[in-house]
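Coordinate inspection notes
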Amino acid sequence: MGNVVMYNSVSVDGFIADDNDQPGPLFDWLLNGDVPLDDSGVLKVSQTSYDYIRPYWDQIGATVVGRHVFDMTNGWDGIPPGGVPAVVVVSHRPRPEGWHPNAPYHFVTGIEAAVAKAQQLAGDRLVEVAAGDVGGQVLAAGLVDEVRMDVVPVVLGSGKRFFGTVDVQHLLEDPDEVIQSDRVLHLHYRVRR
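Sequence order sets the numbering: in each chain, residues are counted from 1 along the sequence as written. Side-chain atom pairs in this predicted model are given and counted only at pLDDT of 80 or more, local residue features only at pLDDT of at least 70, and totals for whole chains, interfaces and linings cover all residues. Hydrogen atoms and water are omitted, and side-chain values are computed over all heavy atoms in the structure.

Labelled according to an unreviewed UniProt entry, the protein appears under the name Dihydrofolate reductase family protein, originating from Candidatus Agrococcus pullicola.

Below you can see the structure in the form of structure tokens.
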């Protein structure tokens, strides 16, 4: 099975969105370059960011998100972001009735079941877990192998925390990748076992 990776863009003070669930400038780096990151033509990054992010995205076999993210994005209208083959939604509620019946989305109760389903779908590829409350719960359960963060030079002051409500210390190894790019610092850590 592939590794489980917790990932998102984050402010230097540790937030993935403000108190109103707005990311502000956290994703501006995905629009400020001249190299297309995907087939949409919307996401354009610097060559440095492309060389770091595209190979990572190509390894993802499934993404795990919470119902809140699913509802806020309307599940990206049934098309998983970044070309990911499948999305697992942690939710006590089922797929909305009539919502994109053929979309590769799976609704699962509980983080352990969500990670297990994502690993089944991903096979040997990576399982990406969105940072925030669900990501923090997966980390607290000892199911995260790696942490990736794109640190953006902004201080949000308050909001939704990268690690959610984790209240116990978790040690990470020294970063094995530190990539400085245009308005973003890409970091990669392994979780210490």
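What follows concerns the environment of V108. In DSSP terms, a helix is any run of H or I states spanning at least four residues, a strand is any run of E spanning at least two, and both are numbered starting from the N terminus. Counting through the fold element by element, V108 comes out in strand β7 (residues 105–108). For V108, a relative accessible area of 13% translates into the label buried. As a C-alpha pair, V108 and P94 span 14 residues in sequence and 8.0 Å in three-dimensional space. Residue burial is assigned from relative accessible area. The probe radius is 1.4 Å, only protein chains are included, and a residue is buried under 20% of its type maximum, exposed over 50%, and partly exposed in between.

Pairing in this open sheet of eight strands is mixed, and the strands run β7-β6-β5-β8-β1-β9-β12-β11 from one edge to the other. The strands lining the two open edges of the sheet, one partner per strand, are β7 and β11 (177–181). Averaged over all neighbouring strand pairs, the angle between strand axes comes to 20°, with direction disregarded. Only when DSSP finds a minimum of two bridges between them are two strands counted as paired. Taken together, the four bridges between strand β6 (residues 87–90) and β7 define a ladder with parallel strand orientation. Opposite V89, over in β7, you have F107 as the bridge partner. Under this scheme, a helix contributes an axis fitted over its contacting stretch, all axes are lines through C-alpha atoms, and angles between N-to-C directions fall in the 0 to 180 degree range.

For the rest of this paragraph, the subject is the UniProt feature "domain: Bacterial bifunctional deaminase-reductase C-terminal" (unreviewed entry) in the protein. UniProt positions are given in the numbering used here, feature names are shortened, and annotations may be inferred rather than shown by experiment. Mapped onto this structure's residue numbering, the UniProt feature "domain: Bacterial bifunctional deaminase-reductase C-terminal" (unreviewed entry) falls at residues 4–170. Counted over residues 4–170, helix gives 24% and strand 26%. Its end C-alpha atoms are 16 Å apart.

Helix length check: helix α1 (residues 47–59), at 13 residues, gives a terminal C-alpha distance of 19 Å against a target of 18 Å (1.5 Å per residue), a fit within 8%. When α1 is considered as a whole, its buried residues turn out to be S49, Y52, I53, R54, Y56 and W57. A helix is expected to span 1.5 Å multiplied by its residue count minus one.

Here D21, not a glycine, exhibits a phi torsion of approximately 65°, which is positive. Positionally, D21 belongs in the loop between β2 (15–17) and β3 (35–36). The exposure class of D21 is buried, given its relative accessible area of 18%. Backbone geometry at H100 places phi at a positive 30°, although glycine is not the residue there. Position of H100 relative to the elements: it lies in the loop between β6 and β7. Judged by relative accessible area, which is 34%, H100 ranks as partly exposed.

Before going further, it helps to examine the packing of aromatic side chains. We describe a pair of aromatic rings using the distance from one ring centre to the other and the angle between the two ring planes. Two rings from Phe, Tyr or Trp (for Trp, the six-membered ring) form a pair when their centres sit within 6.5 Å of each other. Planes less than 30 degrees apart are called stacked, planes more than 60 degrees apart edge-to-face, and all others tilted. Evaluation of the coordinates by the stated rule reveals six aromatic pairs. Put simply, the rings of F70, W99, Y105 and F107 pair up and form one aromatic cluster.

Mapped onto the fold, D150 is located in strand β9 (residues 146–152). The charged side chain of D150 is buried without a salt bridge, its nearest counter-charge being R148 at 6.9 Å. Two N or O atoms count as a polar contact when they lie within 3.5 Å, although within protein this holds only if one can serve as hydrogen donor and the other as acceptor, and sequence-adjacent residues are included solely when both atoms are side-chain atoms. At 2.3 Å, the side chain of D150 and the side chain of Y7 are in polar contact. Pairs of residues are marked as contacts when any of their non-hydrogen atoms sit within 4.5 Å. Among residues more than four places away in sequence, those in contact with D150 are Y7, N8, S9, V10, W29, Y52, I53, V184, L185 and H186. The positive count covers Lys and Arg only, the negative count covers Asp and Glu only, and His and the chain ends enter neither. For this analysis, a salt bridge means a side-chain nitrogen from Lys or Arg found within 4 Å of a carboxyl oxygen belonging to Asp or Glu.

To continue, consider the side chain of E146. Take E146: it is sitting in strand β9. Relative accessible area serves as the criterion here: at 6%, E146 is assigned to the buried category. Of note is the side chain of E146, whose polar atom sits 2.7 Å from the side chain of N3. Excluding residues within four positions of it along the chain, E146 makes contact with N3, V4, V5, M6, L126, H188, Y189, R190 and V191.

In plain words, nonpolar cores are sets of buried Ala, Val, Leu, Ile, Met, Phe, Trp, Tyr and Cys residues tied together by side-chain atoms within 4.5 Å. Of all hydrophobic cores here, the largest spans 29 residues; its most connected members are V64, V138, V144, V147, M149 and F162. Of all elements in the fold, only β1 (4–11), β5 (60–66), β6, α3 (111–122), β8 (126–130), α4 (133–140), β9 and β12 (184–190) reach the threshold of two or more residues within this core. No other element matches α3, which puts five residues into this core. In this view, V64 contacts V88, V90, A114, A118, V127, E128, V129, A130 and V134; residues no more than four positions away in its chain are not counted.

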